[in-house]
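Next come the chains, spelled out residue by residue.
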Amino acid sequence: MTEKILAAQPLPGLKRAGFTSGFGVLAATLGSAVGLGNIWKVPYLTGANGGAGFLLVYLLATLLVGLPVMIAEIAMGRQARANPVSALQKLAPRGQPWWLIGVAGIVAAFLILSFYSEVVAWVFAYVFKALRGSLLSSDRQVTEAAFAALISDPLQSLLWQWGVLAFIGSILLLGVTKGIEAITKKLMPILFLLLLLLCAFSLSLDKAAEGLAFLFKPDFGKITASVVLTAMGLAFFKLSIGMGTMMTYGSYFGDGQNIPVTAARVMVADLCVSMLAGMAIFPAVFTFGFAPTAGPSLVFITLPAVFSHMPMGQALMVAFFVLAAVAATGAMLSLMEVPVVVLHERLGWSRPKATLASLLVLMLLGSGCALSNNVLADFKPWGMTLFDLFDFVSSNLLLPAGGIFIALFAGWAWRGEGLKRALSNHGQLRNETLARALVVLLRYVSPLLILLVMLKGLGLF
Ligand code: PFF
C-alpha cells in the first residue's frame, strides 16, 4: 500500500477526464471560489473595516498574494495533468519531498469539508423551512430561537449534513465533465440571476442608501495593520488556494486555456458576487432597523427577520437560501474532488469507490462538527469544539502553510522556467513580462506576506 501511495506516476490505463469548454472551465473554477465566504464574510468585513478603503486593500492583497498563488497552482496542475500529490512528484526535482504539500491538502480538504458541510446543512435546512414559511418572524429573538433549535438537535444536524454530503458525492459520481462541469455551468448563471433579483428588490427599499453607504463609504482611518492582514487571509480563503483545489482543477484545464486571463476573470467575478451579495443584504438590513452582523448570525438570524418585513418576504427568503446553497455547492464540489481524485489515481480505485470512501470518512469526521453544538458541546480538545478546531487548523495552519510552499515551489524549485513555459502555453502566448513579474512575487512577496498572515492567525504576531 505505501509503495502504491508513493508511486510517482498515476496508475497506467487510467484515462483522465477534463473540462471541455472555456465556459466550463470558468464556471467550475468560479464555482470553487464562490461560496459562503461571499455571503457572510466579505460584505460584512468590507462594511465594518472602512468600505471602499478595505476593498482597495483587499484588491491589493488579491493581486500580490491570491492571484499569483492561484495562477501557479493551476499551471502546476495542468502541466502535470495529475492529482496534487502526483503533480508535485512529477514536477519536483528528484527526491525532494514537495509532494507533502499535496498530502497536507487532502487533510485540509477533509477538515474544511467537515465544518463547511455543517454550515451548508443549515442552509439546505433553511431552504425547506423558508418554503414551509416556518421562519417568518419579524422578531429577532424568535428567529434566534429557531436557529438554536436547529443546531442543538443532534439528529437534525447529522441528517442534514449527511444529506448535503451525499448530494455533493452524487454529483461527483457523475465525473468531472458530466458532474462538476455540467452542474456548475448550470449553477453559475442561476447564482447571478438570483443575486440580481435580490439586489433589485433590496435597492428599491427606503433606506437603501444607508446600506450602500455602510458597504462602500471609504473610511481610511479604519485600516489598521490587523485589517490589512485580515484582507490578505480573506483573499486566500476566497480564491480556494493553498490546498490543491486549484491544482486539481488546473489538471482539467485544456492546453489552449489562457491561465492568467482565466484566473483574473475568476477573481473579478468572485469580487462582483461578494459586492452584489452586500448590495442585496445591507440595504434591507438598514431599512428595517437591524444592526449589521457577520457570519451565521447574519444569515440565519438577522436575515430571516429582515425578510419577514419585506413584501413577498417568503419568496425572497427562499431565493436567498437557494442562492447560498448554489454558492456553497460549487465550493464543496471542488473540496471533495481533491481526495476523490487522489484515491482514484494513486490507488487505482474506480471513481465511485473513491467517492464513497471519501464520503464515509467525511460522514465520520463531519459528525464531530455536527455534534459540536449539542452532545459534543463540552468536548474541547485545546479549548475548542471540534467545529472550531477544524476551522482553526485548516484556515490558520494548513492553508497558509500550503500557500507558502506552493509559492516557493513555483518560484524556486520549478525554477521559474517551468512556470513561464506553462503560462505561455509552451510558446503560444506572449506573456513573458507577466510571467517574470509573477516569478518575483512568488519568490519573495507572496511567501512573506502569507507568513505574516499565518503568524497573526496563530496569535504570534
Ligand atoms: N472559496 C470558498 C468560499 O469563499 O466560501 C471556500 C473554499 C472552497 C475554501 C474551496 C477552500 C477551498 F478549497
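Residues numbered from 1 in each chain as written. Predicted model: local features only at pLDDT ≥ 70, side-chain atom pairs only at ≥ 80, totals over all residues. Heavy atoms only, no water.

### Points about the packing of aromatic side chains
Basically, it comes down to this: Pairing of aromatic rings covers Phe, Tyr and the six-membered ring of Trp, with a centre-to-centre limit of 6.5 Å; geometry is then stacked below 30 degrees between planes, edge-to-face above 60, and tilted otherwise. By the criteria applied, helices consist of DSSP H or I runs no shorter than four residues and strands consist of E runs no shorter than two, each listed in order from the N terminus. Burial classes: relative accessible area under 20% of the type maximum marks a residue as buried, over 50% as exposed, and values in between as partly exposed (1.4 Å probe, protein chains only).
Here the structure, examined in full by the defined rule, presents 21 aromatic pairs. Consider the rings of Trp 122 and Phe 387, whose centres lie 6.3 Å apart with planes at 5 degrees: the pair is stacked. With Trp 122 in helix 7 (residues 100–132) and Phe 387 in helix 18 (residues 386–413), this pair connects stretches of sequence that are 265 residues apart. With a relative accessible area of 14%, Phe 387 lands in the buried category. For the ring pair Phe 128 and Trp 160, a centre distance of 5.5 Å and an interplane angle of 40 degrees mean the geometry is tilted. On the criterion of sequence distance, the pair formed by Phe 128 in helix 7 and Trp 160 in helix 9 (residues 154–173) is long-range, its members being 32 residues apart.

### With respect to the confidence of the model for the protein chain
To keep it simple, the criterion reads: The predictor attaches a confidence to each residue, called pLDDT, with possible values from 0 through 100. What makes two residues a contact is simply this: any of their non-hydrogen atoms within 4.5 Å.
Overall, the prediction assigns the protein chain a mean pLDDT of 93, with 97% of residues at 70 or greater. Across residues 1–8 the pLDDT falls below 50, and counting only partners more than four positions away or on other chains, this stretch makes 13 contacts in the model.

### As for the site of the ligand
Convention followed: Only a single heavy atom is needed: when it lies within 4 Å of a molecule or strand, its residue is near that molecule or strand. Counted as a polar contact is a pair of N or O atoms within 3.5 Å, where, for protein atoms, one must be capable of donating a hydrogen and the other of accepting one, and residues adjacent in sequence contribute only when both atoms are in side chains. In these tables, accessible area is a Shrake-Rupley quantity obtained with a 1.4 Å probe, and a residue counts as shielded only by the protein chains included in the view. Throughout this entry, Asp, Glu, Lys and Arg are counted as charged residues, while Ala, Val, Leu, Ile, Met, Phe, Trp, Tyr, Cys and Pro are counted as nonpolar. The remaining residues, Gly among them, count as polar.
Near the ligand lie 15 residues; those nearest to it are Ala 33, Gly 37, Tyr 116, Lys 238 and Thr 245. In this structure, Ala 33 approaches the ligand through a main-chain N or O atom, which is 2.9 Å from a nitrogen atom. In the environment of the ligand, an oxygen atom lies 3.0 Å from a nitrogen or oxygen atom belonging to the backbone of Gly 37. Notes on the ligand: free accessible area 350 Å², of which the protein chains cover 100%. Those elements that provide at least two residues to the shell around the ligand are helix 2 (22–33), helix 3 (36–40), helix 12 (225–238) and helix 16 (313–347). Among the residues making up the shell around the ligand, the classes are represented as 7 nonpolar, 7 polar and 1 charged.

### Some words on the nonpolar core
Threshold: Buried Ala, Val, Leu, Ile, Met, Phe, Trp, Tyr and Cys residues form a nonpolar core when they are joined through side-chain atoms within 4.5 Å.
The biggest cluster of nonpolar side chains holds 167 residues, and the ones touching the most others in it are Phe 300 and Phe 320. Considering every element that reaches this core, the biggest residue donor is helix 16, with 23 residues. Setting aside anything within four residues of it in sequence, one finds Phe 320 in contact with Ile 39, Leu 198, Ile 281, Val 299, Leu 303 and Phe 307.

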